[in-house]
Amino acid sequence: MECGYYDRGECRSCTVIEVPYARQLARKQELVRELVDAHGAPRWLEPVASPEKGFRNKAKMVVAGRVGAPALGILDGAAGVDLRDCPLYPEPVTRALHALADFIGRVRLLPYDVAKRRGEIKHVIVTGSPEGRLMVRFVLRSTRQLPKIAENLDLLRELVPAADVVSVNIQPEHKAVLEGPEEILLSEQSELVMRLNGIDLRVRPRSFFQTNTAVTEQLYRQVADWVDAVGPASVWDLYCGVGGFALHVAGPGREVVGTEISEEAVASAQDTARAMGLPQDGPGSVRFLADDAAATPADLPGTPELAVVNPPRRGLDASLCAWLESSSVRHAVYSSCNAQTLARDLARMPSLRPVEARLLDMFPHTGHYEVAVLLRRD
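Computed from a predicted structure; not experimentally measured.

### Observations concerning the state of the cysteines
Line of reasoning, step 1. Within this structure, the stated rule accounts for 0 disulfides.
Line of reasoning, step 2. Cysteine 14 forms no disulfide, and the closest cysteine sulfur to it belongs to cysteine 86, at a distance of 6.2 Å.
Line of reasoning, step 3. Cysteine 86 carries a free sulfur, and the closest cysteine sulfur to it, the one in cysteine 3, is 5.9 Å from it.
Line of reasoning, step 4. For cysteine 86, a relative accessible area of 13% puts it in the buried group.

### Overview of the domain arrangement of the protein
Line of reasoning, step 1. With domains assigned, the protein is organised as domain 1 (4–52 + 208–377) and domain 2 (58–188).
Line of reasoning, step 2. With centres defined by C-alpha atoms, the gap from domain 1 to domain 2 works out at 31 Å.
Line of reasoning, step 3. Domain 1 puts 7 residues into the contact, and the matching count from domain 2 is 10 residues.
Line of reasoning, step 4. Carbon and sulfur atoms make up 65% of the area that domain 1 and domain 2 hide from each other, which totals about 680 Å².
Line of reasoning, step 5. Looking at the side of domain 1 facing domain 2, the largest losses of area belong to Tyr5, Glu10 and Thr213, adding up to 56% of the total buried there.
Line of reasoning, step 6. Our count for the domain 1 to domain 2 interface comes out at 0 salt bridges.
Line of reasoning, step 7. In this assembly, domain 1 and domain 2 are joined by 1 residue pair in polar contact (both at pLDDT 80 or more).
Line of reasoning, step 8. The class makeup of the residues in the side of domain 1 that touches domain 2 is 3 nonpolar, 3 polar and 1 charged.

### Some remarks on the packing of helix H2 (residues 21–37) against helix H11 (residues 339–348)
Line of reasoning, step 1. Interhelical geometry of H2 versus H11 gives an angle of 10° and a closest axis separation of 9 Å. It follows that H2 is roughly parallel to H11 by the angle criterion. Judged by the twist between their axes, the crossing of H2 over H11 is right-handed. Residues Val32, Leu35 and Val36 of H2 form the contact with H11, whose own contacting residues are Ala339, Gln340, Leu342, Ala343 and Leu346.
Line of reasoning, step 2. Of the residues in the contact of H2 with H11, the class split is 7 nonpolar, 1 polar and no charged.

### Remarks on the nonpolar core
Line of reasoning, step 1. By size, the foremost hydrophobic cluster in this structure holds 46 residues, and its most contacted members are Leu100, Phe138 and Val160.
Line of reasoning, step 2. Those elements that provide at least two residues to this core are helix H1 (4–7), strand S2 (58–66), helix H3 (91–106), strand S5 (121–128), strand S6 (134–140), helix H4 (146–150), helix H5 (153–159) and strand S7 (163–170).
Line of reasoning, step 3. Looking at this core element by element, the count peaks at 8 residues for H3.
Line of reasoning, step 4. Among the domains, domain 1 (4–52 + 208–377) and domain 2 (58–188) are the pair contributing at least three residues each to this core.
Line of reasoning, step 5. In terms of nonpolar packing, the next biggest core, distinct from the first, is built from 39 residues, Phe245, Val256, Ala269 and Leu360 among them.

### Quick notes on the environment of arginine 8
Line of reasoning, step 1. Along the chain, arginine 8 turns up in the loop between H1 and H2.
Line of reasoning, step 2. Residue classification places arginine 8 among the exposed positions, given a relative accessible area of 52%.
Line of reasoning, step 3. Counting along the chain gives 169 residues from arginine 8 to valine 177, while the straight-line C-alpha distance between them is 28 Å.

### Details of the sheet that holds S7
Line of reasoning, step 1. Pairing is mixed across the open sheet formed by 7 strands, whose spatial order is S4-S3-S2-S5-S6-S7-S8. Where the open sheet ends on each side, the last strands, each with one partner, are strand S4 (79–82) and strand S8 (182–185). Strand-to-strand twist in this sheet, taken as the mean axis angle between neighbours without regard to direction, amounts to 40°.
Line of reasoning, step 2. Relative to S6, S5 is paired through 7 bridges, and the arrangement is antiparallel.

Definitions and limits used
- Counting of residues starts from 1 at the beginning of each chain's written sequence and follows it residue by residue.
- Selection of residues for local features in this predicted model requires a pLDDT of at least 70, selection of side-chain atom pairs for listing and counting requires 80 or more, and totals for whole chains, interfaces and linings are taken over all residues.
- Values shown for side chains rest on all heavy atoms present in the structure; no hydrogens or waters enter the calculation.
- Disulfides are defined as pairs of cysteine sulfur atoms found within 2.5 Å of each other.
- Relative accessibility thresholds used throughout: buried, under 20% of the residue-type maximum; exposed, over 50%; partly exposed, between the two (1.4 Å probe, protein chains only).
- Throughout, the edges of the domains are those of an automatic or database domain assignment.
- It only takes one pair of heavy atoms within 4.5 Å for two residues to be counted as in contact.
- Note on definitions: buried area is the accessible-area loss of two parts on being combined, 1.4 Å probe, summed for both.
- Each reported salt bridge corresponds to a side-chain nitrogen of Lys or Arg within 4 Å of a carboxyl oxygen of Asp or Glu.
- Pairing of N or O atoms within 3.5 Å defines a polar contact, subject to two protein rules: one partner must be a possible hydrogen donor and the other a possible acceptor, and residues neighboring in sequence count only if both atoms are side-chain atoms.
- The nonpolar class holds Ala, Val, Leu, Ile, Met, Phe, Trp, Tyr, Cys and Pro. Asp, Glu, Lys and Arg form the charged class, and all remaining residues, Gly among them, are polar.
- Lines fitted to C-alpha atoms define the axes, with helix axes restricted to the stretch in contact, and inter-axis angles between N-to-C directions lie between 0 and 180 degrees.
- Each helix corresponds to a stretch of at least 4 residues labelled H or I by DSSP, and each strand to a stretch of at least 2 residues labelled E; elements are numbered beginning at the N terminus.
- The cut-offs work like this: below 35 degrees is roughly parallel, past 145 is roughly antiparallel, 65 to 115 is roughly perpendicular, and the gaps in between are oblique.
- In this scheme the handedness of a crossing depends on how the near helix is turned from the far one: anticlockwise by less than a right angle means left-handed, clockwise means right-handed.
- Side-chain atoms within 4.5 Å link the members of a nonpolar core, which is a set of buried Ala, Val, Leu, Ile, Met, Phe, Trp, Tyr and Cys residues.
- One bridge is not enough; two strands pair if DSSP finds at least two bridges between them.

Encoded structure:
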């Protein structure tokens, strides 16, 4: 992939962009195979490649520059580097970034100056759906300039007509934290609909969602294929987020429970389940609960026949590994963005052996990836 920002030395976020993509993919496969094969030598399926550009559904842009002339991109020291035309983003997101820079300039929002610790607008976050609909979030230091946004929503809708969800996040602290705990919704619609594999997943402003939609679709299909092949009557989806795995494996006669510590994500998952007409009790039901994944075994009765785990980079809590190892769970699916912690957790659960695995490249031009592994109890 060619990138003018990289060639000019303005951005180095894509750390392996000079490596041909086929070689990037092969290197990631070699890495994850070496770490996972030590715990069971599973059958490896063909890696899932990503489009080389236009694949990122979310843009997180620092707002720098000056009043009337903002720069949307990254910081280089205290100065801003405008990256509105970064080739990683699809056309609807790129178009929105240009329009939002126009909006920020026209309503005269004050960019936050990191060196001087003053100013108001820190970031703009744009998420795009497969259909080109958008969620737009402004991250402000305080509510001082919130009225400028709220009073100019008609202008925002004119400039960004695809924006279904608009909100303001308040992040008052001077540190490298993208967003704060307070979210103020400005639009009537509170959730962006992300249609994947025919399922209308719903994403709220502070909910996590995978950044590569095309590869995420294949990840969900792969896990659903594994679960259907095993045919469990009960499934727990731990770290379920907005319910992607749980809703993809739901089916007649199968009871599915998803748990996630984020109440916002759980609310979105519940909204999707209701829209799909899924029952909440008995065979064929799908339920979502706000719960810490490590606490789920103590909080829910019984034991599932299959567990799906999709933890953050730090991997599973030791207590959850211990429970899975000692439980009667016959199969598990582990989706990981860090093969180092995946390998550590597999060592903690020697009774659950990898039988099939697949690399899914969520993050071209970087060293990051997703790997999914089907585990079976010996």
